[in-house]
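Chain by chain, the residues:
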Amino acid sequence: MTEERIRLLEAEGFIWDAIEYLWDSKFRELCNFVAVNGHAAIFRRSNRPYDPLARWAEVQRENYKKFQRGERTKLTEERIERLNAINFVWGSYLGWKKERRRKNGCLGSG
């Protein structure tokens, strides 16, 4: 492919890597969620408007476990760093709620 053709395609917004584009799109959606809600703790709940994003977050958590075990996954170190940068919650909903209550002084230390 010629450089001119590449330039024309890029000028039209051609997507070279659809998988990366979709991941980035969901990540931007998560960043918007953080801006609105003040946290990156998103979990699936029944009939909630953020369920598609929550499902994506669940997949990231599943892939993170694979990454930690050294298994093949599409979750790269760069993606992990990006998620960590917005304080993405890698654990469960119940674990997050318990930690949040503890930090807010609602639970004892034991």
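Use the structure listed above.
Right, let's walk through the structure included here. (Residues numbered from 1 in each chain as written. Predicted model: local features only at pLDDT ≥ 70, side-chain atom pairs only at ≥ 80, totals over all residues. Heavy atoms only, no water.)

### Section: the overall build of the protein chain
Thought 1: The helix and strand tally for the protein chain stands at five helices and zero strands.
Thought 2: In the protein chain, the succession of helices and strands from N to C terminus is α-α-α-α-α.
Thought 3: The burial tally for the protein chain puts 25% of its 110 residues in the buried class.
Thought 4: Approximately 8,300 Å² of the protein chain is accessible, and the part contributed by carbon and sulfur atoms is 50%. (Helix = DSSP H or I, 4+ residues; strand = E, 2+ residues; numbered from the N terminus. Buried < 20%, exposed > 50% of the residue type's maximum accessible area, 1.4 Å probe, protein only. Areas by Shrake-Rupley, 256 points an atom, 1.4 Å probe, with all protein chains shown as cover.)

### Concerning the packing of aromatic side chains
Thought 1: Evaluated as defined, the whole model comprises five aromatic pairs.
Thought 2: Centre to centre, the rings of Phe88 and Trp90 are 4.7 Å apart; their planes meet at 75 degrees, and the pair counts as edge-to-face.
Thought 3: Given a relative accessible area of 5%, Phe88 falls into the buried group.
Thought 4: Taking relative accessible area as the criterion, Trp90 reaches 17% and is therefore assigned buried.
Thought 5: One aromatic cluster in this structure is built from Trp23, Phe27 and Trp56. (Phe/Tyr/Trp six-rings, centres within 6.5 Å; stacked < 30°, edge-to-face > 60°.)

### Brief notes about the nonpolar core
Thought 1: Counting residues in hydrophobic clusters, the biggest one holds 17 residues, and the most contacted among them are Leu30, Ile42, Trp56, Leu83 and Trp90.
Thought 2: Mapped onto this core, the elements with two or more residues apiece are helix 2 (18–37), helix 3 (51–68) and helix 4 (77–85).
Thought 3: Take this core: its biggest share by element is five residues, from helix 3.
Thought 4: Those residues in contact with Leu83 that lie beyond four places of it in its chain are Trp23, Phe27, Leu30, Trp56, Gln60, Leu75, Phe88 and Trp90. (Core = buried A, V, L, I, M, F, W, Y, C linked by side-chain atoms within 4.5 Å. Contact = heavy atoms within 4.5 Å.)

### Focus on unusual backbone geometry
Thought 1: In this structure, Asn87 takes a positive phi of about 60 degrees despite not being glycine.
Thought 2: By the element assignment, Asn87 lies in the loop between helix 4 and helix 5 (93–103).
Thought 3: What makes Asn87 exposed here is its relative accessible area of 61%.

### Description of the side chain of Asn63
Thought 1: Here Asn63 is to be found in helix 3.
Thought 2: For Asn63, a relative accessible area of 15% puts it in the buried group.
Thought 3: In terms of polar contacts, Asn63 uses its side chain to reach the side chain of Thr73, at 3.2 Å.
Thought 4: Sequence-distant contacts of Asn63, that is, excluding residues within four places in its chain, are made with Thr73 and Leu75. (Polar contact = N/O pair within 3.5 Å; in protein donor to acceptor, adjacent residues only side chain to side chain.)

### Some words on the pattern of salt bridges
Thought 1: Applying the stated criterion across every chain yields a total of seven salt bridges.
Thought 2: Of the charged contacts in the structure, one is a salt bridge between Glu20 and Arg79, with a shortest N-O distance of 2.7 Å. Taken together, the positions of Glu20 in helix 2 and Arg79 in helix 4 put the pair 59 residues apart, joining distant regions of the chain.
Thought 3: Judged by its relative accessible area of 7%, Arg79 falls in the buried class.
Thought 4: In the salt-bridge network here, residues are joined through shared partners; they are Arg44, Arg55, Glu58 and Glu62. (Salt bridge = Lys/Arg side-chain N within 4 Å of Asp/Glu carboxyl O.)

Note that all results are geometric; they support no functional claim without further evidence.
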